[in-house]
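Below, each chain spelled out in residue letters.
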Amino acid sequence: MKEARTILLQPAGGASMDEMSFRVRRSLADLRGANPDAALGVVAPRPLVEALLARELAAYADIVVFEDGADARAEEVKRTHPGLAVWSTIAFDSFERLLEATTKRSPAVDRMVTWPPLASPTPELAADLRTLAEVFPDNLVPIADFPARCDPVDACSVAAYERADTRAPVVVIRRTGEGRASVVLSAPRAEMFAIVSHVRASAEIADSVLPLAPVPADSTGAIRLWMPMTGVSHLIARLPPAQERVAETVSVVGARSLAVEEIVARHQSAAARQTRAVRRLITEAQTIVTFEVPAFPAPVTIEADTTIFQGDGPTELAQRRLTVNGVAFASGGSGVPKLPLIEPERAASPPLAITLGRAYRYRLEGRERVAGRDAYVVAFTPSDASRSLFAGRAWIDADGFALLRVDAAQTNLRGPITSSQQIEEFAPHPAGEDTVWLLARSEIRQVYQGAGITTPIHRLMVVRRHEINPPGLAARRQAAYASSAVMLRETPEGLRYLRRGDGRGTGGAPSAAREIAGRATRIRALAGGVLIDPTISQPLPFAGLNYTDFDFLRTGAQLNAFYAGSYGQFAFNAPSIAGTRWQLTGSGFGILARYNDRSFRAGRERYEENLRQRPARVRGGVVRPLTARTAMRGEYLFDYVALERGPSTAPSFVTPADQVVHGALLTLETQRAGWRLEGWWNPARRSGWRAWGRPDTDDYREEHADFQRFGVNASRLWMLSPRLLARVEAAWMSGRDLDRFSRYAFGSFDNRLRGYPSASIRYDRGAALRTALAWQAGGRLRLDGFGDLGWVRDPGFGSRARAYPGIGAALEAPGPRSLLLGAEWGYGIRGLNTDGSRGTHVVRLTAYKVF
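This is a predicted model, so every value here is computed, not measured.

Peer 1: Pulling in residues and values, what's your account of the state of the cysteines?
Peer 2: What the rule picks out here adds up to one disulfide. A disulfide bridge connects C150 with C156, and the sulfur atoms are separated by 2.0 Å. Across the S-S bond of C150 and C156 the torsion is about -125°, and the bridge reads as left-handed. Note on accessibility: C150 and C156 belong to one class, buried.

Shown next as structure tokens:
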């Protein structure tokens, strides 16, 4: 006869209902992970059962047992929770009789597990439960009609079980009568244990397991097991495997569609089973982080070979061959590099985990094929919108309930990371006789709001191999400590660098000790080079010092300052105002040197209308994330441009007043499927607006005293391979009442168009497309290629929009003393030189050093 293996759990009091529900669900998930074919149930009084059912118990249990009878409520519970079996202890006369059936191979119950221990068990019941808990392994299945009998029959009872892994029988003999008793069975030998019960004065039961001498078979192939006369409640006999016996397992009574809560509960059980199967793990992976910096021609790439140690201590990472754009990045004697760890704040709880209270709402969105397997698609959203959690979808294997893929965005962010989306993919690996699904690829797309910069960050980790339960993990971790690798540790606050110890080991070698280091919060860099631009009469050298502080005055605010002689700028960002999601941001720049503001009419430069200019700007405002992928920005802008006549300016040309502009900038940005989308509006008004220019032109208009500019931008970064990156950006801009000083302009640093000189094109509407391809050629050289196209209307070149294509290339390589050297060239196909010829070249040579 096939028997269903049933495990019942009895909660006890002493905890709040939410805490009890949390513990019961976690216990049931653990039990299902260890016993995937078992039927799980909860035994409790009716009010407690109904309170647990109101807290998602039905997703974790197959059976509920009303300890106090309550048959009248059974049908109602069945209606509200389809698929849930409802038992009553009335069929067993008493709860004690129900538990007593655990040792009698009842078709209803064959094993009892309690959490916590029973409050007031009877001595007999306590002995039975302790016997099962201390001696029985977790993977026993009952054996029907096992060939063993008691002599005399009423002196004892026999229950037989078989280990699912070794198929070795375990025979339990329980004393039920007085006098001598024995059991005869066929086996070559038996390993014996006795459960000895000692009765104390307080009537409490204390059991001990007493090993007995092994019993061999006699000449007939049979062994006789004698139950001792006194002090022994149970006799345990472990027999060698019987090769001819095949254990029968659970019978299937029917199939039904699972609710989303049941799918999540079974995934939690599978996760618990995987945690037991994978106690230690070493993962070898390649990590690549890319982000954009205004001064660099293409995205900056940080690359490292990463080893992850999990188990036997905290999770730690060892990073070797750490490079920035192919240049080796030294960590110094301390082992801590000057690279800040920029992470979003930790989420209060991950999705799909068992939590105290209901952190997420789940919704089943159907089934899809993932990694060649049928998978449930489970969508999840936070139950409490004020907490930092996740929203997204998970793909759960329809067979084993392992996690195959997850796509989630973190909600309610309060730090400099305003948006964070994570996509993880998992692959199967053998772990003993089981199969586990481990991380194969992790991709994170974030938007970072820093001091004066908003940049996307793309993090990619590709796993090369996993070592499951490897020997010598501790020794390999210690070897990583002693190496030159950059070490990081997972902490509740996030990743932290590990600093090398100051002690010395055997023979004077550095000790392998590492300790948590303070966060790298400051970066200093020198930047210098030469700019060759057709609008500049001679090559323009530049050099400057950049300072960035990610924890200014230990307030959590960020500060960036750059000074290069005649040019200076600053920016700051406070990631959270008074603990809210509002951020405070501001920036400013000024140029002391004057340079040309060129004028074009009908495509020809009008030297008699050229001016000399010296601009400055200050801006400040707030940033507020609205959703997990969307943020809003509001800023006040103050622009000042000092204007004066140039050497060739005509006497009849009236010099404009210095431009003083007050404006607002409202921006809405979002991230979707890897794209960063931005829409913005900039209304502005001039102060001190007065007539200027030549009398025979209409350059000056009174309505130009106020104007509007607006536009949209879209950009995306593709990591085509670990050594090949591609970036594309598209922008559209327009406005109202724009004149010579308020139109858009392509520049050498901002709003670039490859190969076109600064301010040589001024337009009032149009679009621009910028593309870049970066290739890491070998270990020490990076090549960049660019293709840009501007389609804009410049009134100085006519009333219609014109195409302005540009191409370019750049080379970056390491130099002496950890310098990063770069050479960039751009060619503007329709650019105009000062002599009127077409085809302009813009060249920039740079050198960077971080210290």
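Following the structure, the description resumes.
Peer 1: So, the pattern of salt bridges: which residues are in play, and what are the values?
Peer 2: Overall, the coordinates contain 45 salt bridges when judged by the stated rule. Taking the shortest distance from any N to any O, the salt bridge between R476 and E467 comes out at 2.8 Å. Using a relative accessible area of 18% as the deciding quantity, one classes E467 as buried. A network of salt bridges, in which partner residues are shared, links R601, R606, E608, E609, R694 and D699.

Peer 1: I'd like to hear about the packing of helix 1 (residues 17-34) against helix 2 (residues 46-53), residue by residue, with values.
Peer 2: Relative orientation of the contacting elements helix 1 and helix 2 amounts to 75°, with a least axis distance of 10 Å. Classified by the interaxial angle, the pair formed by helix 1 and helix 2 is roughly perpendicular. Of the residues in helix 2, those touching helix 1 at M17, M20 and S21 are L48, A51 and L52.

Peer 1: Any details on the nonpolar core? Residues and values, ideally.
Peer 2: Counting 63 residues, the largest nonpolar core has Y362, V378, F380 and Y497 as the members making the most contacts within it. The biggest single contributor to this core is strand 21 (residues 373-382), with five residues. Among residues more than four places away in sequence, those in contact with Y362 are V260, V264, P351, L352, A353, V378, A379 and F380. Listed in part, the 27 residues of the second largest apolar core include I7, V42, V64 and V77.

Peer 1: How would you summarise helix 7 (residues 473-482) if you had to cite specific residues and measurements?
Peer 2: Listing the buried residues of helix 7 in full gives L473, R477, A480 and Y481. Buried residues along helix 7 cover an arc of 105° about the axis, so they all sit on one side. As for helix 7, its buried residues are in contact with strand 16 (281-291), strand 17 (300-310), strand 18 (316-324), strand 27 (486-491), strand 28 (494-500) and strand 29 (514-516).

Peer 1: Please provide a residue-by-residue account of the environment of L773, values included.
Peer 2: With respect to the helices, strands and loops of the structure, L773 is situated in strand 46 (residues 765-776). By relative accessible area, L773 is classed as partly exposed at 42%. Distance from L773 to D784, taken between C-alpha atoms, is 5.6 Å for residues eleven residues apart in sequence. Leaving out residues up to four positions away in the same chain, L773 has contacts with L720, L724, L725, A726, L783, D784 and G785.

Conventions used here
- Residues numbered from 1 in each chain as written.
- Predicted model: local features only at pLDDT ≥ 70, side-chain atom pairs only at ≥ 80, totals over all residues.
- Heavy atoms only, no water.
- Disulfide = S-S within 2.5 Å.
- Buried < 20%, exposed > 50% of the residue type's maximum accessible area, 1.4 Å probe, protein only.
- Salt bridge = Lys/Arg side-chain N within 4 Å of Asp/Glu carboxyl O.
- Axes fitted to C-alpha atoms, helices over the stretch in contact; angles between N-to-C directions.
- Helix = DSSP H or I, 4+ residues; strand = E, 2+ residues; numbered from the N terminus.
- Parallel < 35°, antiparallel > 145°, perpendicular 65-115°, else oblique.
- Contact = heavy atoms within 4.5 Å.
- Core = buried A, V, L, I, M, F, W, Y, C linked by side-chain atoms within 4.5 Å.
- Arc of directions from axis to C-beta.

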